[in-house]
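Here are the chains, one letter per residue:
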Amino acid sequence: MNLTGVGLPRPRRRVSRVAASAAFSAILMLGLFVGVASAQDVEGCLICHGDPNFTDPTPPENLEEGEDLSLYVDAEKFLGSVHDELKCSDCHKGFLLTIPNHQIDVDKDFRQVAIEACEGCHQEAFQQYQTSEHAQRFYEDQAGPICISCHGSHAIRRVNLGEESADFKMSMARDSCGQCHEDKFEQASHEFHFKALSLGYERAATCFDCHGFHDNLALTSGEPETVEACRQCHPGANKGFTYFQMHLQEGFQDAWWGVRAVYYLFSTLLVVVLVTGIAYTTVHFQKETRTMLGVFGRGAGRLFGFIRHLEEESVKEREGRPNGPEDHSNDKPENDHRGML
Amino acid sequence: MAEATYPAVGEERPEGAAVAETNVEGRDYYVRFSPYHRLSHFVMMTTFIGCALTGPPLKYSYDFWAQAMMGFWGGVQNAGLIHRVMAGFMVADFVVHVLYLGYHIGVKKAKIFGPDSIFFWKKDLSDALGMVKWFFDRGPRPRFERFTFWEKFDYWAVFWGIAMIGTSGFALWFPTVTSTLVSGIFLNVARIIHGDEAILAIGWILFVHLYNSHLRMNVFPMDPVIFTGRMPVEHVKHDKAAWYDRLVREGKIKPE
């Protein structure tokens with residue numbers, strides 16, 4: 001099998017050209033005199049590629065002016081990855097420690113060579129991948145992901161299925177699956193599982209817990225595979241359970257009408273009740289404030305002309321009426337609505 | 001009226017009849033809430049706060065304060081546990097209260113509508129209108145009976161809240177049990193209800209209940225009656241004039 005024409009964007013890094021070529025010359029000298037003869041594959045390659053400022057001295061034409069193609073490989077990350085025992089040339093077949101032309105077969109795209117290498121050592125994973133919608137889409141128009149879209153290349157981590165950290169689950173969903181399935185990620189992120197993951201609850205499900213990763217990606221509510229997917233963590237799951245929707249838009253525009261009806265009803269209730277309550281409290285508060293100002297300084301409560309007006313009106317209206325029992329400020333008869341409660 | 005005797009503290013008295021007390025400073029108090037009422041409110045309050053502090057961080061999990069709050073609880077798992085324990089006690093409190101209501105209405109034949117009842121009645125409507133008029137200096141403050149309309153509203157809001165938040169909460173707590181009864185899509189529905197109603201309840205408590213019951217001018221900064229059960233008679237007179245008149249008429253308290 002052959003993974004043709006990898007269409008992934010090349011990682012780019014802005015590095016000063018002058019500095020880069022100076023560094024390169026220095027390293028070239030170093031490599032010539034020290035590295036080549038003695039060093040083994042990994043260390044040897046890293047003499048040049050382990051320098052953060054190391055860029056391609058003969059960059060491809062399509063690079064923008066002022067930009068450089070970084071050829072840096074983070075040695076720490078590589079040696080911390082699951083492939084720490086591999087040689088660079090296990091993946092980069094045909095690269096030798098011969099300077100300056102260390103690539104033997106220049107006609108073949110080195111990326112493709114490296115990607116095809118995965119297949120050689122990970123037969124099983126590759127076979128599974130072959131059956132997936134993703135592989136199909138990759139061979140069709142390269143829209144589907146390949147090994148390195150999900151795993152990366154130089155910092156591949158060990159897989160501990162079932163013991164993934166919440167961080168990893170979240171970043172896999174956001175930075176891998178979510179890059180291509182933006183809508184599905186956005187929708188799922190409003191559901192319990194991802195909210196819990198984002199707060200560090202590693203038992204909650206991420207995309208690959210439900211969908212799998214190499215094969216069997218598609219899930220449909222009500223299907224036995226979906227029931228199985230849920231049963232990994234919800235042992236009591238039945239067919240009805242899978243009608244729970246992981247991927248609904250935030251405003252539920254695409255949801256069953258029952259969901260939408262409840263959503264509109266309860267949102268409206270929320271707003272109406274709270275607004276009424278807060279409005280009531282506010283007018284109560286203004287009354288009390290005015291009363292209080294009246295108590296502590298006669299004139300202060302009358303700052304507002306219209307309130308003063310209302311007051312006078314009501315005093316006129318009630319002239320001659322006996323005071324209610326709530327009236328305890330009987331110093332002035334017109335104050336019977338303004339006194340202590 | 002003036003001949004009535006006033007039962008003293010600890011004196012034998014008919015069930016439900018409250019009593020007047022005089023404290024050391026000579027201030028007269030009226031016992032408004034029985035120990036059960038106070039306990040029931042205390043449990044409702046603490047469990048509500050417990051749920052209100054552990055739930056929203058999950059709903060707003062992507063906000064920085066939510067992360068910090070979850071950190072305080074020690075993660076989703078702990079917060080979830082606290083949330084469930086609190087919810088359990090809250091529902092238990094509620095169930096006990098429903099039994100209490102049933103006992104009083106069914107066995108003791110308490111009147112459902114009347115001045116001593118927490119059920120809404122006609123007067124609440126005119127009280128509410130009167131209150132609004134009073135806010136704008138258009139009339140006197142209504143003469144309230146034992147329970148004002150906002151107290152009744154807060155009380156019944158708990159019934160609504162428990163029905164909505166409690167039911168949806170149990171549905172989400174045991175999702176696979178729920179799905180044996182109804183389709184899984186109702187779990188989505190339950191989540192909407194649970195979240196919306198919780199925000200409503202929290203907003204109501206913060207902006208309406210706290211103000212009307214504690215921050216009002218004549219009880220500021222808080223009204224301890226719900227914890228002590230005792231209300232100064234002079235306070236009864238100011239706040240609930242109709243009730244005060246009735247208590248005096250019935251000889252339960254000395255007129256001020």
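Everything quoted here is computed from the prediction, not taken from an experiment.

Reading guide: rules and limits
- Residues numbered from 1 in each chain as written.
- Chains lettered and ligands numbered in written order.
- Predicted model: local features only at pLDDT ≥ 70, side-chain atom pairs only at ≥ 80, totals over all residues.
- Heavy atoms only, no water.
- Core = buried A, V, L, I, M, F, W, Y, C linked by side-chain atoms within 4.5 Å.
- Buried < 20%, exposed > 50% of the residue type's maximum accessible area, 1.4 Å probe, protein only.
- Helix = DSSP H or I, 4+ residues; strand = E, 2+ residues; numbered from the N terminus.
- Contact = heavy atoms within 4.5 Å.
- Phe/Tyr/Trp six-rings, centres within 6.5 Å; stacked < 30°, edge-to-face > 60°.
- Lys NZ or Arg CZ within 6 Å of the ring centre and 35° of its normal.
- Domains from an automatic or database assignment.
- Buried area = accessible area lost by both parts, 1.4 Å probe.
- Salt bridge = Lys/Arg side-chain N within 4 Å of Asp/Glu carboxyl O.
- pLDDT = per-residue confidence, 0-100.
- Patch = residues over 30% accessible without salt bridge, like charges linked within 9 Å, V, L, I, M, F, W, Y side chains within 5 Å.
- Areas by Shrake-Rupley, 256 points an atom, 1.4 Å probe, with all protein chains shown as cover.
- Axes fitted to C-alpha atoms, helices over the stretch in contact; angles between N-to-C directions.
- Parallel < 35°, antiparallel > 145°, perpendicular 65-115°, else oblique.
- Left-handed = near helix turned anticlockwise from the far one by under 90°.
- Nonpolar A, V, L, I, M, F, W, Y, C, P; charged D, E, K, R; others polar.

1. Here's the deal with the nonpolar core
- In this structure, A:F194, A:L197 and B:V76 are the most contacted members of the largest nonpolar core, which totals 21 residues.
- The set of elements that each furnish at least two residues to this core consists of helix 9 (166-180), helix 10 (182-188) and helix 11 (192-198) of chain A together with helix 3 (64-73) and helix 4 (76-107) of chain B.
- When residues no more than four places from it in sequence are discounted, the contact partners of B:V76 are A:A196, A:L199, A:Y201 and B:M70.
- Counting twelve residues, the second-largest nonpolar core is a separate cluster that includes B:F33, B:W243, B:V248 and B:I253.

2. Re the packing of aromatic side chains
- This structure, assessed with the given rule, holds 29 aromatic pairs over all chains.
- When the ring of A:W256 is compared with that of B:F186, the centres are 5.7 Å apart and the planes differ by 75 degrees; the resulting orientation is edge-to-face. Here the residue A:W256 occupies a position in the loop between helix 13 (224-231) and helix 14 (257-296), and B:F186 occupies one in helix 8 (residues 185-215), the pair thus bridging two chains.
- For B:F186, a relative accessible area of 35% gives the class partly exposed.
- Seen from their ring centres, A:Y263 and A:Y264 are 5.6 Å apart, and the 50 degrees between their planes marks the pair as tilted.
- The exposure class assigned to A:Y263 is partly exposed, which follows from its relative accessible area of 24%.
- One aromatic cluster is present, formed by A:Y280, B:W134, B:F135, B:F144, B:F149 and B:W150 through successive ring pairs.
- For the cation-ring pair, A:R157 lies above A:F168, with the distance from its terminal atom to the ring centre recorded as 3.6 Å.
- Its guanidinium or amino end placed over the ring of B:W134, B:R141 lies 5.7 Å from that ring's centre, counting from NZ or CZ.

3. Let's talk about unusual backbone geometry
- Positive phi is not limited to glycine here, since A:Q142 has a value of about 65 degrees.
- The partly exposed category is assigned to A:Q142, whose relative accessible area is 37%.
- Positioned with a positive phi, B:K109 is a non-glycine residue whose angle comes to about 50 degrees.
- Residue class for B:K109 comes out exposed when judged on its relative accessible area of 63%.

4. Brief notes about the domain arrangement of chain A
Residue and element names in this part refer to chain A.
- Looking at chain A, the domain boundaries give domain 1 (18-57 + 69-102) and domain 2 (108-158).
- Facing eleven residues of domain 1, the contacting portion of domain 2 comprises ten residues.
- Interface area for domain 1 against domain 2, summed over the two sides, is near 950 Å², with a carbon-plus-sulfur share of 66%.
- On the domain 1 side of the contact with domain 2, V82, C91 and H92 bury the most area, a combined 42% of that side's loss.

5. Comments concerning the pattern of salt bridges
- Tallying each qualifying case throughout the model produces 20 salt bridges over all chains.
- A salt bridge links A:D141 to A:R137; its shortest N-O distance comes to 3.2 Å. Here A:D141 and its partner A:R137 are both found in helix 7 (residues 133-141), four residues apart, which amounts to about one turn of the helix.
- With a shortest N-O distance of 2.9 Å, B:E145 and B:R246 are connected by a salt bridge. With a gap of 101 residues between them, B:E145 in the loop between helix 5 (122-135) and helix 6 (149-173) and B:R246 in helix 11 (residues 241-249) connect regions that are remote in the sequence.
- Look at B:E145 and you get buried, because its relative accessible area is 9%.
- Owing to a relative accessible area of 8%, B:R246 belongs among the buried residues under this scheme.
- Residues joined by salt bridges that share partners form a network here, namely B:D116, B:E145, B:R146, B:R246, B:E250 and B:K252.

6. Description of the side chain of A:S176
- Of note, A:S176 is situated in helix 9.
- In contact with A:S176, not counting residues within four places along its chain, are A:S149, A:C150 and A:S171.

7. A short note on the environment of B:F227
Residues and elements named next belong to chain B.
- Turning to its location among the elements, F227 is positioned in helix 9 (residues 225-228).
- Residues F227 and A201, spaced 26 residues apart in sequence, show a C-alpha to C-alpha distance of 21 Å.
- Ignoring sequence-local partners within four residues, the contact set of F227 consists of R38, H41, F42, M45 and M222.

8. Considering the confidence of the model for chain B
Residue and element names in this part refer to chain B.
- Residues with a pLDDT of 70 or more make up 89% of chain B, whose mean pLDDT is 87.
- Model confidence for chain B, summarised as mean pLDDT per element, is weakest for strand 1 (residues 20-22) at 62 and strongest for helix 1 (residues 35-54) at 96.
- Considering only residues more than four positions removed or in separate chains, one finds that residues 1-18, a stretch of pLDDT under 50, has 23 contacts.
- Quick note on the complex model: pTM equals 0.83, ipTM equals 0.86.

9. Some words on a nonpolar patch on the surface
- Residues A:W256, A:W257, B:F170, B:F174, B:V177, B:L181, B:V182 and B:F186 make up a contiguous nonpolar surface patch of about 810 Å² in total accessible area.
- Here B:L181 is to be found in helix 7 (residues 175-181).
- The class for B:L181 is exposed, based on a relative accessible area of 70%.

10. A look at the confidence of the model for chain A
Residues and elements named next belong to chain A.
- Here chain A averages 77 in pLDDT, while 72% of its residues score no lower than 70.
- Of the regions scoring below 50 in pLDDT, residues 1-16 engages in 47 contacts with residues more than four places distant in sequence or in other chains.
- Predicted confidence for residues 322-341 stays below pLDDT 50, and this span has 40 contacts to residues more than four positions away or in other chains.

11. Examining the packing of helix 1 of chain B against helix 4 of chain B
All names here are of chain B.
- It is the contact of helix 1 with helix 4, at a shortest axis distance of 8 Å, that shows an interaxial angle of 150 degrees. It follows that helix 1 is roughly antiparallel to helix 4 by the angle criterion. Between helix 1 and helix 4 the crossing geometry is left-handed. Mapping the contact onto sequence places Y36, H37, S40, V43, M44, T46, T47, F48, G50, C51 and T54 in helix 1 and A79, I82, H83, M86, A87, F89, M90, D93, V96, H97 and Y100 in helix 4.
- Its residues assigned to classes, the contact of helix 1 with helix 4 shows 13 nonpolar, eight polar and one charged.

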